[in-house]
Amino acid sequence: MSDESSLLTAAATNLVPRRAEEFLPRRFLRNGHLQTLVGNFLPRHYVLPEPEAHIIEVDPGRADSGEDAFWPGDSRAPGRFAEAEAAAHARGASYVLCHCHWQANAGQCLTVLLVHGLEGSSRSQYVLGNSARAWAAGCNVVRMNMRNCGGTENLSPTLYHSGLSADVAAVMRRLAAEKGLSAFALIGYSMGGNLVLKLAGELGEYTPDYLKAVVGVSPAMDLAVSADALHSIYNRVYEWKFLAGLRRRFRVKAELFPAIYSTEGLEWIATLRQFDDQITARYSGFRGADDYYHRASSSRVAAQLAVPTLILHALDDPFIRMLPSTREALLANRRVELIETAHGGHCAFLAPRTAGYDGYWAEKLLLDFLLSVTKP
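What you see is a predicted model; the values in this text were computed from it and never measured.

Each value, and the rule that gives it
Residues numbered from 1 in each chain as written. Predicted model: local features only at pLDDT ≥ 70, side-chain atom pairs only at ≥ 80, totals over all residues. Heavy atoms only, no water. Helix = DSSP H or I, 4+ residues; strand = E, 2+ residues; numbered from the N terminus. Rg over C-alpha atoms; globule rule 2.2 N^0.38 Å. Buried < 20%, exposed > 50% of the residue type's maximum accessible area, 1.4 Å probe, protein only. Salt bridge = Lys/Arg side-chain N within 4 Å of Asp/Glu carboxyl O. pLDDT = per-residue confidence, 0-100. Contact = heavy atoms within 4.5 Å. 1 Å grid on protein atoms, 1.4 Å probe; cavity = no way out; pocket = protein on both sides within 12 Å on 5 of 7 lines; lining within 4 Å. Points joined across faces, edges and corners; volume = space filled by probe spheres on them. Nonpolar A, V, L, I, M, F, W, Y, C, P; charged D, E, K, R; others polar. Polar contact = N/O pair within 3.5 Å; in protein donor to acceptor, adjacent residues only side chain to side chain. Pairing = 2+ DSSP bridges. Axes fitted to C-alpha atoms, helices over the stretch in contact; angles between N-to-C directions. Right-handed = clockwise from strand over helix to strand, strands pointing away.

Trainee: Hey, could you go over the overall build of the chain for me, with residue numbers and the actual values?
Mentor: Counting secondary structure elements, the chain contains 12 helices and 8 strands. The C-alpha radius of gyration of the chain comes to 20 Å, within 12% of the 21 Å expected for a compact globule of 376 residues. C-alpha extents for the chain along the principal axes are approximately 60 × 55 × 40 Å. Split into buried and exposed, the 376 residues of the chain put 57% on the buried side.

And the structure:
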């Protein structure tokens, strides 16, 4: 562990809330790397109805393109995917794909909107696990893919990144209007956790009435220090995995939008910070990686969170780091419940299984939290 990481962990130890004692790791999984890897690859069975696919515009693109904005109509309409693809190329519009599960009385139910992490999708195992739990509890479920994720690279000329919190707001607005929804709760994991927390903090006292609560699990609230931790020799396997996916996706984007993107030099990018500096920042309007990390980190707006918020973070997370200043801002905010555990890894939190309990501690805890703070 680096000196910086040791200092961060030491500072955190003195600030761990009492509820941290509630988490007991599964036998043989007290190591953060083991929790992370087993949590990611352990087979699971999910009970969910077939989803309803919605293609939702999150950015209208160029207003002077001469094309009509693709807003009117049902987001489920036949041909929506093809029309969205055409609009992405014609006027630079951006769309996201959401997989939705509606209860029979959808307008009267809490709608849980889930956002995945870096190089994940609406089919990531933690998204499906939380979805099945929320559905069984009587909630509507929206599994949102970020731009370009879930096989949607052709629905946006842009890249996806940690600063696009407005996309989540656009999805909520559209579905609230289309389905008559009055209560949303946001759940984000890792990069998705940063995204939903950033949105809630940006909204602050102007949060719409339909946003009732927010949850971040292993959220990447401090992007710079977390990106640097990912490059630690102990975490190189995670970095390689992320970079392989990011390079592959960028090559697809370059093929789809050759007038915008160039893959020259892509093969020489060896770290996530380099990718964010040379690709993400370059093509997304940031001055460089440091500017991107600063502007896209939800830690900047942690003090402004104004709805009930739950944040789960394991101190043995291999690569997500939380700065002392971020922790202090969260602990000082009466709307935030910060739970830090000694164990849990990254997005895992696997506890012992018992009769009637599958041991997915974070999923159970966050659903209990959402149901308690959103009940009439």
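Trainee: Residues and numbers for the pattern of salt bridges, please.
Mentor: Using the criterion set out here, one finds 17 salt bridges in the structure. Among the ionic pairs, aspartate 358 bridges to arginine 44, the shortest N-O distance being 3.9 Å. Of the two residues, aspartate 358 is situated in the loop between β8 (336-341) and α12 (361-374) and arginine 44 in the loop between α2 (32-41) and β1 (52-59); the sequence distance between them amounts to 314 residues. Classification of aspartate 358 by relative accessible area gives partly exposed; the value is 29%. The partner of arginine 295 in a salt bridge is aspartate 291, and the shortest N-O contact between them spans 2.9 Å. Remark: aspartate 291 and arginine 295 occur in helix α10 (residues 289-296); sequence separation between them is 4 residues, near one turn of the helix. Here the salt bridges do not stand alone but share partners, grouping Arg44, Arg133, Asp358 and Glu363 into one network.

Trainee: Quick one: what's the story with the confidence of the model for the chain, residue by residue and with numbers?
Mentor: On average, residues of the chain score 91 in pLDDT, and 91% of them are at 70 or above. Counted against residues more than four places away or in other chains, residues 1-18, with its pLDDT under 50, gives 25 contacts. In this model residues 64-72 is a low-confidence stretch, pLDDT under 50, and it forms 14 contacts with partners more than four residues away in sequence or in other chains.

Trainee: Please provide a residue-by-residue account of the layout of surface pockets, values included.
Mentor: The computed volume of the largest pocket comes to approximately 830 Å³. Those elements giving two or more residues to the lining of the largest pocket turn out to be α2, α4 (125-136), α7 (223-230), α8 (236-256), α9 (272-284) and α10. The leading source of residues in the lining of the largest pocket is α8, at 8 residues. The class makeup of the residues in the lining of the largest pocket is 23 nonpolar, 14 polar and 5 charged.

Trainee: Please provide a residue-by-residue account of the side chain of serine 122, values included.
Mentor: The topology assignment puts serine 122 in the loop between β3 (111-115) and α4. A polar contact is formed between the side chain of serine 122 and the side chain of histidine 99, at a distance of 2.9 Å. The contacts of serine 122, once residues within four sequence positions are left out, are His99, His116, Val127, Leu128, Arg143 and Asn145.

Trainee: Break down the sheet that holds strand β4 (residues 140-144) for me, with residues and values.
Mentor: Spatially, 8 strands are ordered β1-β2-β4-β3-β5-β6-β7-β8 in an open sheet, and the strand pairing comes out mixed. Strands with a single pairing partner mark the edges of an open sheet, and in this sheet they are β1 and β8. For this sheet, the mean inter-axis angle between neighbouring strands, taken without regard to orientation, is 20°. Here 6 bridges tie strand β5 (residues 184-189) to strand β6 (residues 211-217), and the two strands are oriented parallel to one another. Bridge pairing links glycine 188 to glycine 216 in β6. Seen against the sheet, helix α5 (residues 165-179) touches β1, β2 (94-101), β3, β4, β5 and β6 and runs at an angle of roughly 125° to β1. Helix α6 (residues 191-203) contacts β3, β5, β6 and β7 (309-314) of the sheet and is inclined by roughly 140° relative to β5.

Trainee: Please give an account of α7 that cites residues and values.
Mentor: Taking burial as the measure, the 8 residues of α7 include 6 buried ones, the bulk of the element. Buried within α7 we find Leu223, Val225, Ser226, Ala227, Ala229 and Leu230.

Trainee: Run through the pairing of β7, naming residues and quoting values.
Mentor: A regular strand places its side chains so that they alternate between the two faces of the sheet. Burial within β7 is extensive, with 6 of its 6 residues counted as buried. Along β7, one buried face is formed by Thr309, Ile311 and His313 and the opposite face, lined by Leu310, Leu312 and Ala314, is buried too. In terms of strand pairing, β6 meets β7 through 4 bridges, oriented parallel. Bridge assignment links glycine 216 to a residue of β7, and that residue is isoleucine 311. Here β7 pairs with β8 via 6 bridges, running parallel. Looking at the pairing, alanine 314 lines up with threonine 341 of β8. The handedness of the β7 to β8 crossover, carried by helix α11 (residues 324-332), is right-handed.

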